[in-house]
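Secondary and tertiary structure notes
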Amino acid sequence: MGGSDGKEKEVLREVAKSVFIGDKDATLKAVRRAIDSNIRPEEILDKALIPGIRKAGDLYEKGQYFLPELIMCADAMKAAFGILRPLIEQNGEKVRTHGRVLIGTVEGDIHDIGKTLVGVMLSTSGFEVIDLGADVPLHRFVEEAVKNDVDIIGVSALLTTTMVKQKELIELLVKENLRERFKVIVGGAPVTQKWADDIGADGYGQNAVEAVSVAKKLVGVEE
Ligand code: B12
């Protein structure tokens with residue numbers, strides 16, 4: 001193993017650590033160091049920022065962190081993503097031809113980091129993305145999907161209590177005679193393939209990379 005590999009790991013460890021201790025300034029500094037070390041932005045996300053924020057979630061679950069700490073960690077993560085986002089977008093496919101995706105987090109749920117990441121990855125992979133943000137009422141998903149004539153609706157939910165809204169959205173589409181018109185993909189930490197199958201979704205992605213491949217498959221694009 002070469003020296004640069006060791007240095008890379010150390011820089012990524014520093015990024016992850018500064019996220020889970022919730023130190024925004026240190027996170028920004030560490031991310032800039034990672035970029036300067038030529039680590040790809042996607043790798044900084046996958047190997048450092050996401051594991052860092054998940055670790056904060058684990059500590060919260062164990063009762064070692066409380067909400068204020070979690071908020072600080074999320075702020076650090078979002079600030080870092082703000083630096084990486086233009087870099088990821090710059091490297092993306094310039095031609096948007098695969099179709100249009102509407103994405104949002106369901107009502108009652110303010111978690112928006114994963115959903116935003118999925119949106120950015122889809123848009124850098126040739127999709128046109130309309131991001132409705134978080135805490136989106138179900139009727140808005142439907143209205144915006146019709147208005148923008150999208151191909152796919154992506155629905156994010158991070159809480160076991162809000163997951164059920166994904167099911168309700170599909171039921172609402174059926175009720176409005178719109179179910180055949182849109183493909184629905186679901187995701188979020190508590191969501192599984194089984195849940196997606198049970199509620200009759202067209203696809204599920206465990207992460208942003210899977211979200212892109214499932215979306216491509218649904219619009220008939222070969223990878
Ligand atoms: C950051 C965070 C927060 C931040 C959110 C900031 C923000 N603007 O997003 C804050 C501090 C505000 C917060 C608040 C709360 N949180 Co919180 N939070 C988290 C944490 C630590 C990380 C979430 C995250 O951003 N992960 C990083 C991203 C990149 O990953 P991701 O969201 O999973 O997204 C990926 C995939 O899931 C997938 N994906 C996501 N969406 C979609 C959509 C589609 C279509 C597809 C295909 C794929 C896909 O791709 C993404 C990219 O790889 C999680 C822990 C965890 N393990 O998830 C807890 C967690 C989700 N929170 C939890 C809780 C309980 C809460 C609160 C209720 C706490 C409280 N008592 O108030 C509130 C909720 C308020 C509300 N009404 O929404 C619990 C949920 C438990 C449960 N099973 O229901 C968790 C699991 C923590 C825990 N272990 O207890 N939280």
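Note that the coordinates shown come from a computational prediction; the quantities given were computed from them, not determined experimentally. (Residues numbered from 1 in each chain as written. Predicted model: local features only at pLDDT ≥ 70, side-chain atom pairs only at ≥ 80, totals over all residues. Heavy atoms only, no water.)

Details of the coordination of the cobalt atom of the ligand
- A lone protein donor binds the cobalt atom of the ligand: His111 (NE2), at 2.3 Å.
- Within the element layout of this structure, His111 appears in the loop between strand E1 (99–105) and helix H5 (113–123). (Donors = N, O, S within 2.8 Å, 3.2 Å for Na, K, Ca; no water. Helix = DSSP H or I, 4+ residues; strand = E, 2+ residues; numbered from the N terminus.)

Observations concerning the pairing of strand E2 (residues 127–131)
- Bridge count between E1 and E2: 5 bridges; the pairing is parallel. Bridge pairing links Ile103 to Asp131 in E2. (Pairing = 2+ DSSP bridges.)

Remarks on the domain arrangement of the protein chain
- One can read the domain layout of the protein chain as domain 1 (3–91) and domain 2 (99–218).
- Each partner contributes to the interface: domain 1 provides 10 residues, whereas domain 2 provides 7 residues.
- Both sides of the domain 1 and domain 2 interface together cover about 790 Å² of buried area, and 81% of this is carbon and sulfur.
- The largest per-residue losses of area from domain 1 upon contact with domain 2 belong to Lys78, Phe81 and Ile88, which jointly make up 43% of the total buried on that side.
- On the surface where domain 1 and domain 2 come into contact, there are 1 salt bridge.
- Residue Asp112 is joined to Lys78 by a salt bridge in which the shortest nitrogen-to-oxygen separation is 3.1 Å.
- Connecting domain 1 to domain 2 are 1 residue pair in polar contact (both at pLDDT 80 or more).
- Sorting the residues of the side of domain 1 that touches domain 2 by element identifies helix H3 (41–61) and helix H4 (67–91) as the ones contributing at least two each. (Domains from an automatic or database assignment. Contact = heavy atoms within 4.5 Å. Buried area = accessible area lost by both parts, 1.4 Å probe. Salt bridge = Lys/Arg side-chain N within 4 Å of Asp/Glu carboxyl O. Polar contact = N/O pair within 3.5 Å; in protein donor to acceptor, adjacent residues only side chain to side chain.)

Topic: the site of the ligand
- Lining the immediate environment of the ligand, one finds 36 residues, of which Ile110, His111, Asp112, Ser156 and Thr160 sit closest.
- Within the side chain of Tyr60, a nitrogen or oxygen atom sits 3.1 Å from a nitrogen atom of the ligand.
- The backbone of Thr160 places a nitrogen or oxygen atom 2.9 Å from an oxygen atom of the ligand.
- Of all elements in the fold, only H3, H4, H5, strand E3 (152–156), strand E4 (183–187) and helix H9 (208–218) reach the threshold of two or more residues within the shell around the ligand.
- Residue contributions to the shell around the ligand peak at 6 residues, all from H3.
- Counted by class, the shell around the ligand contains 19 nonpolar, 12 polar and 5 charged residues.
- Among the domains, domain 1 (3–91) and domain 2 (99–218) are the pair contributing at least three residues each to the shell around the ligand. (Near = heavy atom within 4 Å. Nonpolar A, V, L, I, M, F, W, Y, C, P; charged D, E, K, R; others polar.)

Concerning H3
- Here H3 contains 21 residues, and its C-alpha end-to-end distance of 28 Å stays within 8% of the 30 Å for a straight helix at 1.5 Å per residue.
- Its maximal kink placed at Leu49, H3 deviates by approximately 30 degrees, while the proline Pro51 follows within four residues.
- Directly beyond the C-terminal end of H3, a positive phi value near 80 degrees is found at Gly63. (Expected span 1.5 Å × (residues − 1). Bend = angle between axes of the 7 residues up to and from the residue.)

Some points on the environment of Val31
- With respect to the helices, strands and loops of the structure, Val31 is situated in helix H2 (residues 24–36).
- Every residue in contact with Val31, bar those within four places of it in the chain, is listed here: Val15, Ile44, Leu49, Ala80, Ile83 and Leu84.

Let's talk about unusual backbone geometry
- For Asp135, which is not glycine, the phi dihedral falls at a positive 55 degrees.
- Here Asp135 is to be found in the loop between E2 and helix H6 (138–147).
- With relative accessibility at 40%, the residue Asp135 sits in the partly exposed group.
- We note that Asp149 has phi near 45 degrees; this positive angle belongs to a residue other than glycine. (Buried < 20%, exposed > 50% of the residue type's maximum accessible area, 1.4 Å probe, protein only.)

Side note on the sheet that holds E2
- An order of E2-E1-E3-E4-E5 is seen for the 5 strands of this open sheet, with the pairing classed as parallel. Of all the strands in the sheet, just E2 and strand E5 (203–204) have a single pairing partner and so form its edges.
- Relative to E5, E4 is paired through 2 bridges, and the arrangement is parallel. Within E5, the residue paired with Ile185 across the bridge is Gly203.
- Set on the sheet, helix H7 (residues 164–175) makes contact with E3 and E4; between it and E3 the angle comes to about 150 degrees.
- Contacting E2, E3, E4 and E5, H9 crosses the sheet at an angle of about 165 degrees to E4. (Axes fitted to C-alpha atoms, helices over the stretch in contact; angles between N-to-C directions.)

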